[in-house]
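What follows is each chain in one-letter form.
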Amino acid sequence: MDIEFSPEDLAFREEVRTFIAENYPAQLRGKQDEGEELGKEDFLAWHRVLHKKGWVAPAWPVEYGGTGWSITQRYIWSEETARADCIRLLPFGLTMVGPVIYTFGTPEQKAHFLPRILSGEDWWCQGYSEPGSGSDLASLRTRAVRDGDHYVVNGQKTWTTLAQHADWGFFLVRTDPDAKQQEGISFLLIDMKSPGITVRPIITLGGEHEVNEVFLEDVRVPVANRVFEENKGWTCAKFLLAHERVGIAGVATSKRSIERIKAIAQTEMEGDRALLANPFFKRKVAELEVDLAALEYTELRTLAGMAAGKGPGPESSVLKIKGSEIQQRLTELVLEMAGHYGAPYFRGFGEGDNEHPIGPAWANRAAPTYYNTRKTTIYGGSNEIQRNVIAKMVLGL
Amino acid sequence: MDLSYTETQEMLRDTLARFLADTYSFEARQKMLDSAEGRDPGIWKALSSELGLTCAPFAEELGGMGGGATENMIMMEELGKVIAIEPWLQTVVIGGGALRASGGALAEATIPAIISGDALIAFAYAEPQGRYNLADIGTTAKKDGAGYVLSGHKAVVYAAPWATHLLVTARTGGGRREREGVEMFLVEANSPGISRRDYPTVDGFRASEVYFENVSVPAEAMLSGGIDLVEQVVDEATMAVCSEATGIARTMLAQTVEYTGQRKQFGQPIGKFQSLQHRMADMLVEAEQIASMALMGTLKLDAPAAERKAAVSMCKAKVSRSLKFVGQSAIQTHGGIGITMELGIGHYFKRSTMIENQFGGADHHFERYEALTLPA
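Residues numbered from 1 in each chain as written. Chains lettered and ligands numbered in written order. Predicted model: local features only at pLDDT ≥ 70, side-chain atom pairs only at ≥ 80, totals over all residues.

Please give an account of the overall build of chain B that cites residues and values.
When helices and strands are tallied, chain B shows 11 helices and 9 strands. In terms of C-alpha radius of gyration, chain B reaches 21 Å, essentially the compact-globule figure of 21 Å for 376 residues. In terms of overall dimensions, chain B has a C-alpha envelope of 80 × 55 × 40 Å along the principal axes. A total of 376 residues make up chain B; the buried ones form 50% of that total. (Helix = DSSP H or I, 4+ residues; strand = E, 2+ residues; numbered from the N terminus. Rg over C-alpha atoms; globule rule 2.2 N^0.38 Å. Buried ≥ 20, exposed ≤ 12 C-beta atoms within 10 Å, placed from the backbone.)

Run through the overall build of chain A, naming residues and quoting values.
Helix and strand content of chain A: 12 helices and 10 strands. Relative to a compact globule of 397 residues, whose C-alpha radius of gyration would be 21 Å, chain A shows 22 Å and is just as compact. On the principal axes, the C-alpha backbone points of chain A span a range of 75 × 55 × 45 Å. Expressed as a percentage of its 397 residues, the buried residues of chain A come to 39%. Put simply, 71% of the contacts in chain A that link residues at least 6 apart link residues at least 24 apart. (Contact = placed C-beta atoms within 7 Å.)

Before we move on, can you summarise the nonpolar core with the specific residues and values?
Counting residues in each nonpolar core, the largest one holds 157 residues, and the members touching the most others are Phe185 and Ala294 of chain B. One finds Tyr102, Leu114, Val153 and Leu188 of chain A within the second-largest nonpolar core, a separate group that totals 50 residues. (Core = buried A, V, L, I, M, F, W, Y, C linked by C-beta atoms within 7 Å.)

Mind laying out the interface of chain B and chain A, listing which residues take part and the relevant values?
Counting residues at the interface gives 31 residues for chain B, matched by 35 residues for chain A. Here the side of chain B that touches chain A takes 14 residues from helix 8 (residues 274–299) of chain B, the largest share from any one element. Of the residues that constitute the side of chain B that touches chain A, the class distribution is 18 nonpolar, 7 polar and 6 charged. (Nonpolar A, V, L, I, M, F, W, Y, C, P; charged D, E, K, R; others polar.)

Requested: an account of the environment of Lys392 of chain A, with residues and values cited.
Take Lys392 of chain A: it is sitting in helix 12 (residues 383–394). Residues Lys392 of chain A and Val251 of chain A lie 141 residues apart in sequence; the distance between their C-alpha atoms is 26 Å.

Could you give an account of helix 5 (residues 91–104) of chain A, with specific residues and numbers?
Residues and elements named next belong to chain A. Over its 14 residues, helix 5 extends 18 Å from the first C-alpha to the last, a length consistent with the 20 Å expected when each residue adds 1.5 Å. The largest bend in helix 5 amounts to roughly 40° and is located at Val97, with the proline Pro99 lying one to four residues further along. Buried residues dominate helix 5, accounting for 10 of its 14 residues. (Expected span 1.5 Å × (residues − 1). Bend = angle between axes of the 7 residues up to and from the residue.)

Which residues make up the domain arrangement of chain A, and what values do they have?
Accessible area lost on assembly of the parts is the figure often given for the size of an interface. Domain parsing of chain A yields domain 1 (7–89), domain 2 (123–231) and domain 3 (249–394). Each of domain 1 of chain A and domain 2 of chain A was reduced to a C-alpha centroid, and the two centroids are 30 Å apart. (Domains from an automatic or database assignment.)

Which residues make up the packing of helix 9 (residues 279–307) of chain A against helix 8 of chain B, and what values do they have?
One can describe the packing of helix 9 of chain A onto helix 8 of chain B by two numbers: an axis separation of 8 Å at closest approach and a directional angle of 90°. Regarding the angle of helix 9 of chain A to helix 8 of chain B, the classification is roughly perpendicular. Where helix 9 of chain A abuts helix 8 of chain B, its residues Ala293, Ala294, Tyr297, Thr298 and Arg301 of chain A lie against Glu288, Gln289, Ser292, Met293, Leu295 and Met296 of chain B. Counted by class, the contact of helix 9 of chain A with helix 8 of chain B contains 6 nonpolar, 3 polar and 2 charged residues. (Axes fitted to C-alpha atoms, helices over the stretch in contact; angles between N-to-C directions. Parallel < 35°, antiparallel > 145°, perpendicular 65-115°, else oblique.)

Here is the structure:
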């Protein structure tokens, strides 16, 4: 056992640092610094740079376009991208449907979709939740009825993140209404430009247009776009959820947030002392650092297990629970730090607007981010559902 | 970075686990606790001279296997699983660790005796007034000719009634709570002038108040390293009890899960109730974080002092809190039977509760961590 980086690891870290410094899109950096909302082209700018370098999907098997990095290299990569404040790549193609396709897909599906996910040519969204099916996902009612070489799909999906930009969506649909809940579901890849699809925005508490409702009315989907067997879609769904949970912990990003909080709390004053000198505030920072270290090493143990051919199994629920709680506590602390300046509602610069925003720049998004981050304990299977998963799958209760 | 165990390490674990499974049943342990000596000396003999496990964390030149902190982590985890009352922490981790770091003739003479099982060491560092401040020492070591004379009162010295040697912290100079002047001495337990008041501890060990009245020791009994070495050894000991906590927490969870599968109320096993399932899921979350922290801190023990101290305090702060949650939840979930002496779970809880504050509780370690890393 050894916790230190080898000389090769250190050289790799240097390579990564240099690459990011020289290639991170300058325009994107500017928008991030100003706290502006990011659009489709912003997300894709960094994605394309990484694709060109061959680093867009480190976790994929090499044969499908992965990097073949060791666990340590992947760890270094996530540390360095967080350290440099790189935006997170969207997970829908790269960490959700991509692994499902290379694990369960046909050779044709792999050949067609995987390169387009890697290049960013297709923007993916996730059609899982429905108005009546949140935590009880398997109760979903969107119907797909076979008609020759097609399915005809009718129903409604919700919480569909960034569907307004999406070219494709992966959907869970019911193909056998008479089977037991989990057994009548299929996994379909649907072209979002298909006739019969309507996307309606849902505006969340921070003012963002991040999620949508998706209505499907007599949408015709080729049977060739079904992944895995008919009525076996739940297998893909569970596989995807376990993969999603590993990355969802967001360790490196949270570490970066704490660094930022500490830097601000050293200059923000409270009377004649820095905020960080307030023993209560200081203790909250220390508690977050300690909990984050525990999460980090739990994730490293999980990754080491995966490298040895185990999982990720239901223990990834631990990562989801702790990671999401920590993300929320961080946003709480930033809002607390903002004091009075948590209240102004800054919507980004309007056209031709060059007035300075109100209050310190770091406080601009404190409240909207706090509001928005309430999602982390709800999405990806709520933390209560994760506890059900642990109870049933790990403890055998 | 590599978080995998070697084959030898896996073998060590298996050997100890199998031995303990055979020797440390609930009834056997109770019998040890109730005996006059409070332990079964045959077990230590088996661990050392028969199975050769005590040599694991020592250098090959001294008759060891060339291991270190990782081996101690493995051992303590397994000892925790059966809440063993063997003095591994005091003798191998603390005594052995201090001597290994100090080196010299004292180490060369004593470490082989630790490995063979002939030397049992108790760590006399705490004092009635000192709480967790390692430099708050009133015991004096006055220069006397070539040697020293020790006088003072050491508090709650675990394993002292069994020990052949006492590892004592004492002051050769400096005022109370000053770092300067703190030294460690290895003293034969039957030296003239040492008296003890022995008692059982709530977690199954035996301990003593130890009084030193003008105890003469030779100059060679002093280890080199001063307060820095005391801190290093206590950090190593802290990670060892964190590893013990891993074994204890996982066992408490397993026993709780098993019990809720058998115990029926309202016509079904209580493990079917979601409120209990979620509590047990949270126990798993905390137990796994204990394991993660025990691993992290152990691997940081060789880091530069400031980094090591910060890491160890992070770990102990987390482990103390998580262990409290796991222990209290285990008792609550068992219900009435959990607060009796009749079932194992209560005995695990008694030990886990003592680990929470051993070498400092969560508050102490948060303060130390903050002082080291959060200026202003």
